[in-house]
Number of protein chains: 2
Amino acid sequence: LYIITKPEIIKILNKHQFENRVKKGFISYSKKQAVIPPVGELLFKEPPGEVHIKYGYIINEKYYVIKIASGFPRNGEIGLTNSQGIMLLFNQKSGEIESILLDDGYLTDIRTAIAGKICAKQFTNDIKTIGIIGNGIQARLQLKYLLDYTPCRDVMIWGRNLGHLKQYKKSIEKLGFNAKIASSISKLSDICNLIILTTSSKKPLLFKEHLKPGMHITALGADTKLKRELGPGVLSSADLIIADSIEQCKIRGEISHSLNEGEISINDIVELGNILDNTSMGRKHENDITIADLTGVAVQDVSIASKIFELYLKSINEI
Amino acid sequence: LYIITKPEIIKILNKHQFENRVKKGFISYSKKQAVIPPVGELLFKEPPGEVHIKYGYIINEKYYVIKIASGFPRNGEIGLTNSQGIMLLFNQKSGEIESILLDDGYLTDIRTAIAGKICAKQFTNDIKTIGIIGNGIQARLQLKYLLDYTPCRDVMIWGRNLGHLKQYKKSIEKLGFNAKIASSISKLSDICNLIILTTSSKKPLLFKEHLKPGMHITALGADTKLKRELGPGVLSSADLIIADSIEQCKIRGEISHSLNEGEISINDIVELGNILDNTSMGRKHENDITIADLTGVAVQDVSIASKIFELYLKSINEI
């Protein structure tokens, strides 16, 4: 049993790229070469908190992975980060535990950032200005992971708390971006042709009137039934709706709301892994509006955790 | 983060009793003072294997618990035990991981044995002869845990594999029992007024004609949709049907089959924790036939894991 600490994980993350592995994971998933049961969920009232258990495996790989990731929004009051969590790797052939990754939820942040980057690469036109809605960890990581893909350094940012927004502005300026605070989402959507929504909002923030031809939107904040960032009519106005997992998006995230409201049907949705496997299914015309709904699929956790552990084993064998 | 190994867990188990805590857990569960989501399940084909994720918490206690327990029936071929698993304790108020119990599935065995003992204490008449069907770990542990409850040492045993059965006979004779091999379940049910079924059978073993007035049966082998130890008409012939969890027994174990077949209805079932809380709901007459269906509820895992960890913390603070 190998217990891998967060500093060791970060060291491995800094030395290697995980994009191809996560991409391969999405493709396996969409080709039904992965077994990913529905997300387990545990809720707490006082203080409020939610725990997600995401788990599964890619057929014929070595490990099955169980991830426990939690968000306790009042953790700041006791000097802790909101997200906590670990990933567990077990042998697919015997059930033996092989490794515990004490990542405190960090690998979830990374694999989400990677999924955002994969969408940006796959669906955007030439990026003019990047729009970021929200100012948490993903707001920063999405930009960090775009650095080596696009030369664009112009960013418009929007958030509800001006203090947080100013802090966030500084942190992304350090990454090398020119950031402007938008006074409204309208102002941001007038300029940006890639918009990434990263909030935990339960009320829509971006509406139909904000859409412009050629835009790509990635909405990654909503991962439960209650959260929602896109208003009614947004998804049905898109030329391409992408789900990281159609099964999961039926009950979680943006797509679930639009399905429930009868605005779109299952047949209007294409799964990310299918497009990555056959890119002709992606953006067709420069003027198309494309929207990706990322709810976070266990296959991303399986992919990143397996690669971290493989690299860890390699590194200790080299010593 | 405290990582507690199996030898350390066994040391704690040997020094303390956990029956009252598990009993309290069942009562909390039936009083809706526990949050226990449906069991997560992951299946493997080659080699065959199944993983169960059982998790939840008792409101106002300190920890939430996630248990991962697997059965890979061909593990013997590679020199491993079939069951593998760990339990994880997290802080209910922050989501922080507090402890990892590397019990290899052993605590699941123990809490199941304890549940069996609780049922024996609650539902049997004076025990004349104990009947055990199956000869695996539970077949042995159920008897071990009955030692300090009943003076009865007469056991009839039945199993499909005579070699295994003879080995099992020796192991329980070491515990102090007088064991006789029954040539059929009929022979066993003629004599025994407590019968415990402990197999992973997918076809019924005990039928309506085996029932005798005053009998108590505990069926604990079937914990999935497919497994089944009791034949049609057995549950509907009972005067009292006990479920460890009504919610869970709707979809798993003996009760689920009889519900599906319309033989019994939900209103015919009483939950164990409710009886433990109000014993007048238990056996009413000496001649009643009572049957308990144990599918294994996460609240048992929550209870035993929390107490193990509390005692561990106490022990290291005493050093």
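See the structure printed just above.
Residues numbered from 1 in each chain as written. Chains lettered and ligands numbered in written order. Predicted model: local features only at pLDDT ≥ 70, side-chain atom pairs only at ≥ 80, totals over all residues. Heavy atoms only, no water.

(A) Representation of the interface of chain B and chain A in the model. Each side of the interface is counted separately: chain B has 37 residues, and chain A has 37 residues. Overall, the association of chain B and chain A removes approximately 2,800 Å² of surface from exposure, summing both partners, and the carbon and sulfur fraction of that is 74%. The interface formed by chain B and chain A includes zero salt bridges. There are six residue pairs in polar contact (both at pLDDT 80 or more) connecting chain B and chain A. (Contact = heavy atoms within 4.5 Å. Buried area = accessible area lost by both parts, 1.4 Å probe. Salt bridge = Lys/Arg side-chain N within 4 Å of Asp/Glu carboxyl O. Polar contact = N/O pair within 3.5 Å; in protein donor to acceptor, adjacent residues only side chain to side chain.)

(B) Expanded view of the packing of helix H2 (residues 19-30) of chain A against helix H11 (residues 298-318) of chain A. Residues and elements named next belong to chain A. It is the contact of H2 with H11, at a shortest axis distance of 8 Å, that shows an interaxial angle of 135°. As the angle between them shows, H2 and H11 are arranged oblique. Regarding H2 and H11, the two cross each other, and that crossing is right-handed. Here H2 contributes Arg21, Val22, Gly25, Phe26 and Tyr29 to the contact with H11, which in turn contributes Val299, Gln300, Ser303, Ser306, Lys307 and Glu310. (Axes fitted to C-alpha atoms, helices over the stretch in contact; angles between N-to-C directions. Helix = DSSP H or I, 4+ residues; strand = E, 2+ residues; numbered from the N terminus. Parallel < 35°, antiparallel > 145°, perpendicular 65-115°, else oblique. Left-handed = near helix turned anticlockwise from the far one by under 90°.)

(C) A look at the packing of aromatic side chains. Counting across every chain of the model gives 14 aromatic pairs over all chains. When the centroid spacing of 5.5 Å and the interplanar angle of 40° are considered together, the rings of Phe44 of chain A and Phe72 of chain A count as tilted. Pair noted here: Phe44 of chain A is in strand E3 (residues 40-44) and Phe72 of chain A is in the loop between strand E5 (63-71) and strand E6 (83-91), with a separation of 28 residues, a long-range link. In terms of burial, Phe44 of chain A and Phe72 of chain A fall into one category: buried. Between the aromatic rings of Tyr63 of chain A and Phe309 of chain A, the centroid separation amounts to 5.3 Å while the plane-to-plane angle is 65°, which identifies the pairing as edge-to-face. Of this pair, Tyr63 of chain A sits in strand E5 while Phe309 of chain A is found in helix H11, placing the two residues 246 residues apart along the sequence. The same class applies to Tyr63 of chain A as to Phe309 of chain A, namely buried. Pairwise contacts between aromatic rings join Phe44 and Phe72 of chain A together with Tyr57, Tyr64 and Phe90 of chain B into one cluster. One residue, Arg153 of chain A, lies across the ring of Phe177 of chain A, its end atom 5.5 Å from the ring centre. Over the face of the ring belonging to Phe18 of chain B we find Lys307 of chain B, whose NZ or CZ atom lies 5.3 Å from the ring centre. (Phe/Tyr/Trp six-rings, centres within 6.5 Å; stacked < 30°, edge-to-face > 60°. Buried < 20%, exposed > 50% of the residue type's maximum accessible area, 1.4 Å probe, protein only. Lys NZ or Arg CZ within 6 Å of the ring centre and 35° of its normal.)

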